[in-house]
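Examination of the molecular architecture
Spelled out, the chains give:
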2 protein chains.
Amino acid sequence: MKSNKTINIIGTVAFDSIETPKGAFPRIIGGSGTYASLAASIFSPVNLISIIGEDFPAATIKEFNSRGINTDGVETINGKTFHWSGYYLGDMNQAYTKETELNILTKFNPVLPEAAQNAEITFLANIDPDLQQQVIGQLKNPKLIILDTMNLWIENKFAELKNVLGLVDILMINFEEIKLLTGLTNVVQAAKELTKLGPKIIIVKKGEHGSLMYHNQGYFALPAYPLAEVEDPTGAGDTFAGSFTGYLAQFDNITNDILRTALVIGTMTSSYTVQGIGIDKIKSIKKDDLTQRIQKYKEITAVANINF
Amino acid sequence: MKSNKTINIIGTVAFDSIETPKGAFPRIIGGSGTYASLAASIFSPVNLISIIGEDFPAATIKEFNSRGINTDGVETINGKTFHWSGYYLGDMNQAYTKETELNILTKFNPVLPEAAQNAEITFLANIDPDLQQQVIGQLKNPKLIILDTMNLWIENKFAELKNVLGLVDILMINFEEIKLLTGLTNVVQAAKELTKLGPKIIIVKKGEHGSLMYHNQGYFALPAYPLAEVEDPTGAGDTFAGSFTGYLAQFDNITNDILRTALVIGTMTSSYTVQGIGIDKIKSIKKDDLTQRIQKYKEITAVANINF
């Protein structure tokens, strides 16, 4: 089944210019909102809240719509779309920024259409914590709010970020950023510590090393899907969070088992994203595509009954 | 049951002077052979092959013996025992060497007692590949040879290391070193590639990120046991490899399931090692101690049946 619950995703819709050890890919479609929405749309309809310039292709917006992504909340204004240029070296574990042209993103003032105001589930992708808080203030019936952030806000808007953390249920954060946010070097400890700031559930994204979840029922640790070839890691974290959120939207009562399954789903979908350039792979993934890879993942991670 | 098969472990028996963010621990007992033997002895009797100086405490040797570690192959010569001084910072993921006093280690010329020559299973901890090859040459009935190595030999004795790789069944190697050894940045690809050099099974140790195994039946990926407190990571890799080897010694036919279980065992025992200073924890671990932690690990890593 596909959920009837439409989720909100607030994030960027952008152009990315990416260089990997294998090639250069100028001005391809990117943005945290883009990846998260495409991934979430595997499971659930999406209200995407974002901002674009007049240079953004209408065909891509149509592609979003055809995936069940409602773009009424994507404002188009005079000017150029946000453009990130960056590159990856060697193991591609780290993105290096060449240039960030914010362009119209500086005017992003998220106003939720009525349908989005009434949505129960919201994923706040990595944007300014002030804007994240502004979105939360417009929600009339929030049941589940998931937030992602990054080093930029930890370093420059720590107080604002702390405020917004008090308002959300789940924090998604990467391995290096959780250390920066907490000042702790042990990530297992940091995840537990962070629940004191508000979010009941902490999810640490570790890229090729998998992920770790903490909540009051304990830890869940899982490896990544082993890939011998990675094309472009851009958007992996947003894909992870988006499909995680979309998957959860199918359930009225979210149990620990459902959360764990959602993390496996996030792991699977992000493994597709990194196998393509930009959104090339994730834009066409359907539920059925996941079945085989999930089976394979279970084989790769299965431990026999320990007998010793 | 404890195996009747006695395994060989060739490695260093040393003094370590360690500084962690929590304290300084001068001249404690260390060495790859020490950690590996103590861990292996949970499952199997051990012939330890090493070299010490006259300054090494007889009481520690007696402690080894009481754990089922035969030290007939530990030569004592005039001079000082190998002494490594190092420190860890922050997340303690990296050991920094302050000083390496090789002392009598430069005279290490491993000669296997007859019992060791006849042993079927041998773990060659991280020593000079020439010495590793010299040990292999003395084995009369080798069934399973497991080898560990390090950046020092990859950088300075690449040809010799390559030769010895052609003679072993299983390679244990850490995450950074496999990249150095293969020149590849993708570890999943590197593990597969390495089987072309001889070892049929490659095990990549990733510390707090768990481990990865590759052989002709595919990959096995597993997370580490999440620990909110780490006291001293010294010897974690040797503990991992030692208990892995000791566990395998219990079986005549080593299946994929047994290999996977051995990796879980390695994960568990190394989680004990890092919770103590030096050998403090691992020196007294018994099989029964592992039962509860294995159960906990299974809970922490369990994925529900995926239903979507």
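Let me sum up the structure you'll find in this document.

Each value, and the rule that gives it
Residues numbered from 1 in each chain as written. Chains lettered and ligands numbered in written order. Predicted model: local features only at pLDDT ≥ 70, side-chain atom pairs only at ≥ 80, totals over all residues. Heavy atoms only, no water. Helix = DSSP H or I, 4+ residues; strand = E, 2+ residues; numbered from the N terminus. Rg over C-alpha atoms; globule rule 2.2 N^0.38 Å. Buried < 20%, exposed > 50% of the residue type's maximum accessible area, 1.4 Å probe, protein only. Contact = heavy atoms within 4.5 Å. Areas by Shrake-Rupley, 256 points an atom, 1.4 Å probe, with all protein chains shown as cover. Core = buried A, V, L, I, M, F, W, Y, C linked by side-chain atoms within 4.5 Å. Expected span 1.5 Å × (residues − 1). Pairing = 2+ DSSP bridges. Axes fitted to C-alpha atoms, helices over the stretch in contact; angles between N-to-C directions.

If you tally the helices and strands in chain A, you get eleven helices and 13 strands. Against the globule reference of 19 Å for 308 residues, chain A gives a C-alpha radius of gyration of 18 Å, in line with a compact fold. Principal axes of the C-alpha set define a box for chain A whose edges measure 70 × 45 × 40 Å. The buried share of chain A, reckoned over its 308 residues, is 59%. Partitioning the intrachain contacts of chain A with sequence separation of at least 6 by distance along the chain shows that 64% fall at a separation of at least 24. For chain A, the accessible area works out to roughly 12200 Å², and carbon and sulfur atoms hold 49% of it.

Within the largest apolar cluster, 205 residues are counted, with the highest numbers of intra-cluster contacts made by F244 of chain A together with F244 of chain B. In contact with F244 of chain A, other than residues within four places in its own chain, are I146, I170, M172, I203, L259, A262 and L263 of chain A.

Take helix 9 (residues 236–248) of chain A next. Residue and element names in this part refer to chain A. Counted at 1.5 Å a residue, the expected span for helix 9 with its 13 residues is 18 Å, and the 18 Å between its end C-alpha atoms agrees. Among the 13 residues that make up helix 9, twelve are buried, leaving the element largely enclosed by the rest of the structure. When we look at burial in helix 9, the residues that qualify are A236, D238, T239, F240, A241, G242, S243, F244, T245, G246, Y247 and L248.

Bringing the sheet that holds strand 4 (residues 46–53) of chain A into the picture now. All names here are of chain A. As summarised here, the arrangement of the nine strands in space is 5-4-1-8-9-10-11-12-13, forming an open sheet in which the pairing is mixed. Of all strands in the sheet, those bounded by a partner on one side alone are strand 5 (69–77) and strand 13 (218–222). Between one strand axis and the next, the sheet turns by 15° as a mean value, whatever way the strands run.

Purely geometric numbers; function is a separate question.
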